[in-house]
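# Overview (structure and organization)
One letter stands for each residue in the lines below.
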Amino acid sequence: MNSEFLNPDSVAVHGGREDLQALGVHALPLDLSTTNPLPDIERGGDSYESMALGGHPLADGGSVYARLWNPTVARFECALAQLEKAQAGVAFSSGMAAMTAAILASKATAHVTAQDGGRSTGQPHVVAVRPLYGGTDHLLASGLLGVEVTFCTENEVAAAMRNSTVLVVLETPANPTLDLVDIRNVVAQAGGVDVLVDNTFATPILQNPISLGAAMSLHSATKYIGGHGDAVGGVIACSEKTAEALRRVRAITGAILHPLGAYLLHRGLTTLPIRVRSQQESARVIAAWLANHPAVEKVYFPGSDGDPRSLLQHQMRGPGAMVAITLRGGFDAANRFTSAVQLFTHAVSLGGVDSLIQHPAALTHRPVAPEARPGANLVRLSIGLEDVADLIADLDQALSPLGCSASDPRVEAAVL
Ligand SMILES: Cc1ncc(COP(=O)(O)O)c(C=O)c1O
C-alpha cells in the first residue's frame, strides 16, 4: 500500500519493507556482504560509477561494494524518508558523520553552482543558530571542514547571511535547553539557501521539518530512532537531489552506516511512535513535578513557559520527552544529584527506553565556547519507559538532600 495514504504509526511498522514479500521473508534481511559478485567489467564498472557519483546501483550492474550501497541500509533509509515525508533518506555511521556530510555536500554543491555561473563565492560560510548539541557546535567552530561559521540567534539569521553562505543549521527543540526555533521563520530569512534542521529531539513523530520548508532533517539515530541504546547511526531526510550530493560525500569519505546498525535502527522505527508518546506523557508529569520542587530553580520543557509564539502548537505535535532543570544549589547540587539517582542512569546520550541524566556543561557541551555553554547548575534528563511514579520517587530521593522534598498533592494526583 502507498505510504502516502498511511498514518505515521502504520508507516513506522511497514515502511521500507516493500520488497520483503517478493523476497519471501517476513523479518528484515540483514545483508553483511562487504563485496558483491560482478556480472562483468562493463556493467559492474557502470554501476560503480553511478554510486560513486551519488546515484543508485544500476539494475544489471549490482551494488559492487558495501561502502557505496547496502540493501539493509537502503531499506532503513526508505522507511525514515517515508516517516519524514521526504523523497529520500541517507544513513551514516553516526549523527556527527551525517552533519559532516551535510556541510561538505552543501559546500560542494555551492562550488559547482558558482562555477556554472562563472563567479567565485569565496570561503564557504555557514550560519548556525545556537544553542546546538555540543558536538555540532564543536564541529562548526573547529574550522576542520573549511567553512567559516557565524553563530547567531533565530532572529539574526537574515543579517548573518552572505553571498557565500552554503547552509543554515538549527536544532529544535535544541540540546540541552529545549529552546524552540521557528523553522519557517529561519527558512524565510535564509532566502533560498538550504536549511538543515536537527530533528533528533522531536523525532519524525512530533515534527517534520521538510514539510515546513527545510531542505534536510537530520537525526542522531543513536537516540530515539534506535531507542535501545545499542546502535550508533545518523540519517538525513531530504530531496533525491540533495541525497545524491550526500551519498557522493558518503561514498568518498566512507561514512556509510553499518548494516547491523541499519537493521537495529529500522527495527527501532516500528515502536518509535508508541515509545515517543509514552515517554512524552511521563515527561509532562515529571516536568510539572519538578517545577514544584524547592531544589529546582527552573524547568526547561517545551511549552512550560507558556510558549508565547505557540510554536509547540504550530510546528510540533507534542513537547517530546527531554527535560532540563537548573538547580538552586549550583554545580555542587548538580554533582550530588546526578550521583544520587538510582533508577536513572548517570550517562550521556538520550532517547532510549531507559531514563538517563547528565550534566551538559561538563560533558556533551564541554567543547562549546564559554559564552554559549550551558550553566554549571543545569542537568538534562531523558525520560524513558519506566513507571513514572518510580522515576519521580528516584528523583525525589536524589533531590531531597539538596533542599526540602516536594510534597505537592497535585503531583501525587497527576502520577496516581
Ligand atoms: C541533537 C543531537 N544531534 C546530533 C548528535 C550527534 O549524534 P551521534 O552521537 O550519533 O554522532 C547528538 C548526540 O548526542 C545530538 O544530541
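Bear in mind the structure is a predicted one, so any value in this text is a computation, not a measurement. (Residues numbered from 1 in each chain as written. Predicted model: local features only at pLDDT ≥ 70, side-chain atom pairs only at ≥ 80, totals over all residues. Heavy atoms only, no water.)

## Some details on helix H6 (residues 134–142)
Applied cut-off: Type-normalised accessible area, obtained with a 1.4 Å probe on protein chains alone, sets the label of each residue: buried when under 20%, exposed when over 50%, and partly exposed for intermediate values. Strands here mean DSSP runs of E at least two residues long; helices mean DSSP runs of H or I at least four residues long; both are numbered from the N terminus.
Regarding H6, the residues found buried are Gly-134, Gly-135, Thr-136, Asp-137, Leu-139 and Leu-140. Following H6 by one or two positions, Gly-143 has its phi on the positive side, about 75°.

## Quick look at the sheet that holds strand E4 (residues 165–171)
Put simply, the rule is: Two strands qualify as a pair provided that DSSP identifies no fewer than 2 bridges between them. Between the N-to-C directions of two axes lies an angle of 0 to 180 degrees, each axis being a line fitted to C-alpha atoms and, for a helix, fitted only over the stretch in contact. Here, residues are in contact when the closest pair of their heavy atoms is within 4.5 Å.
Within the open sheet, the 7 strands sit side by side as E1-E7-E6-E5-E4-E2-E3. Their pairing is mixed. Both edges of this open sheet fall to strand E1 (88–92) and strand E3 (148–152), since each of them pairs with a single strand only. With strand direction ignored, the average angle separating the axes of adjacent strands in the sheet is 20°. Here 5 bridges tie strand E6 (residues 216–220) to strand E7 (residues 234–238), and the two strands are oriented antiparallel to one another. Counterpart to His-219 in the pairing with E7 is Val-235. On top of the sheet, helix H4 (residues 71–83) reaches E1, E6 and E7; it is set at about 130° to E1, its chief contact. Those strands touched by H6 are strand E2 (125–129), E3 and E4, and its axis lies near 135° from that of E3.

## Thoughts on a nonpolar patch on the surface
Quick note on the threshold: Like-charged residues within 9 Å of one another, or nonpolar side chains (Val, Leu, Ile, Met, Phe, Trp, Tyr) within 5 Å, are grouped into patches, provided each residue has over 30% relative accessible area and no salt bridge. Note on areas: Shrake-Rupley with a 1.4 Å probe; residue coverage comes only from the protein chains shown. One side-chain nitrogen of Lys or Arg within 4 Å of one carboxyl oxygen of Asp or Glu is enough to make a salt bridge.
Taken together, the side chains of Leu-30, Leu-32 and Leu-260 define a hydrophobic patch exposed on the protein surface, amounting to about 250 Å² of accessible area. Within the element layout of this structure, Leu-260 appears in helix H11 (residues 259–291).

## Structural notes on the packing of helix H5 (residues 95–116) against H6
Heads up, the rule is: Handedness of a helix crossing follows the sense of rotation of the near helix relative to the far helix, less than a right angle counterclockwise being left-handed and clockwise being right-handed.
Where H5 contacts H6, the axes come no closer than 10 Å and their chain directions differ by 35°. In this structure, H5 meets H6 at a crossing whose hand is right-handed. Touching Met-96, Met-99, Thr-100 and Ile-103 of H5 are Gly-135, Thr-136, Leu-139 and Leu-140, all from H6.

## Quick look at the UniProt feature "modified residue: N6-(pyridoxal phosphate)lysine" (unreviewed entry) in the protein
Here is the rule we go by: UniProt positions are given in the numbering used here, feature names are shortened, and annotations may be inferred rather than shown by experiment. We call two N or O atoms a polar contact when they sit within 3.5 Å, provided that within protein one can donate a hydrogen and the other can accept it, with sequence-adjacent residues counted only if both atoms are side-chain atoms.
The sites that carry the UniProt feature "modified residue: N6-(pyridoxal phosphate)lysine" (unreviewed entry) are, in the present numbering, Lys-223. Summarising the element assignment, Lys-223 is placed in the loop between E6 and E7. Apart from residues no more than four positions distant in its own chain, Lys-223 is found in contact with Thr-200, Ser-349, Leu-350 and Gly-351. Separated by 2.8 Å, the side chains of Lys-223 and Ser-220 make a polar contact.

## Observations regarding the sheet that holds strand E8 (residues 296–300)
An order of E8-E9-E12-E11-E10 is seen for the 5 strands of this open sheet, with the pairing classed as mixed. Edge strands, defined here as strands with exactly one partner in the open sheet, are E8 and strand E10 (345–346). Pairing of strand E9 (residues 322–327) with strand E12 (residues 378–382) involves 5 bridges; the strand directions are antiparallel. In the sheet register, Val-323 faces E12, and the bridge partner there is Leu-381. Helix H13 (residues 330–340) rests against E9, E10, strand E11 (356–358) and E12 of the sheet, and its axis sits at about 130° to E9.

## Structural notes on the confidence of the model for the protein
We apply this condition: The predictor rates its confidence in each residue with pLDDT, a number between 0 and 100.
Counting all residues, the mean pLDDT for the protein is 94, and 95% of those residues have values of 70 or more. This model gives residues 405–416 a pLDDT under 50, and the stretch forms 19 contacts once residues within four places in sequence are excluded.

## Topic: the site of the ligand
Stated precisely, the cut-off is as follows: Here a residue counts as near a molecule or strand whenever at least one of its heavy atoms sits within 4 Å of it. Any residue outside Ala, Val, Leu, Ile, Met, Phe, Trp, Tyr, Cys, Pro, Asp, Glu, Lys and Arg is labelled polar, Gly included; the first ten of those are nonpolar and the last four are charged.
Among the 13 residues in the neighbourhood of the ligand, the closest are listed as Met-96, Asp-198, Ser-220, Thr-222 and Lys-223. A distance of 2.9 Å is found between an oxygen atom of the ligand and a backbone nitrogen or oxygen belonging to Gly-95. Contact between the ligand and Lys-223: an oxygen atom at 2.7 Å from a side-chain N or O atom of the residue. When its residues are assigned to classes, the shell around the ligand shows 3 nonpolar, 7 polar and 3 charged.

## Considerations on the pairing of E7
Judged by how many residues are buried, E7 sits mostly within the fold: 5 of 5 residues are covered. Residues Gly-234, Ile-236 and Cys-238 line one face of E7 and the alternating positions Val-235 and Ala-237 line the opposite face, and both faces are buried. Here 5 bridges tie E1 to E7, and the two strands are oriented antiparallel to one another. Each residue of the ladder has a partner; that of Ala-88, found in E7, is Cys-238.

## Description of the packing of aromatic side chains
Applied cut-off: Pairing of aromatic rings covers Phe, Tyr and Trp, the last through its six-membered ring, and needs centres within 6.5 Å; plane angles under 30 degrees mean stacked, over 60 mean edge-to-face, and all others mean tilted. Here, over-ring charges are defined by two tests on the NZ atom of lysine or the CZ atom of arginine: distance to the ring centre within 6 Å, and angle to the ring normal within 35 degrees.
One pass over the full model with this rule turns up 0 aromatic pairs. One residue, Arg-130, lies across the ring of Phe-151, its end atom 3.8 Å from the ring centre.

## Here we look at the environment of Ala-101
Here Ala-101 shows up in helix H5. For the pair Ala-101 and His-26, spaced 75 residues apart in sequence, the C-alpha separation works out to 33 Å. With near-sequence residues (within four places) excluded, Ala-101 lies in contact with Phe-92, Leu-246 and Val-249.

## A closer look at unusual backbone geometry
Going from Arg-130 to Pro-131, the amide bond is cis rather than trans, its omega being 5°. Inspection of the secondary structure puts Pro-131 in the loop between E2 and H6. The omega torsion across Thr-172 and Pro-173 is -10°, close enough to zero to call that bond cis. Considering the arrangement of structural elements, one finds Pro-173 in the loop between E4 and helix H8 (183–190). Within the chain, Lys-85 stands out as a residue other than glycine whose phi angle is a positive 55°. Tracing the sequence through the fold places Lys-85 in the loop between H4 and E1. Residue Lys-85 is classed as exposed on the basis of its relative accessible area of 53%. One non-glycine residue with positive phi stands out, namely Thr-203, at about 65°. Relative to the assigned elements, Thr-203 resides in helix H9 (residues 203–206). A relative accessible area of 1% places Thr-203 in the buried class.

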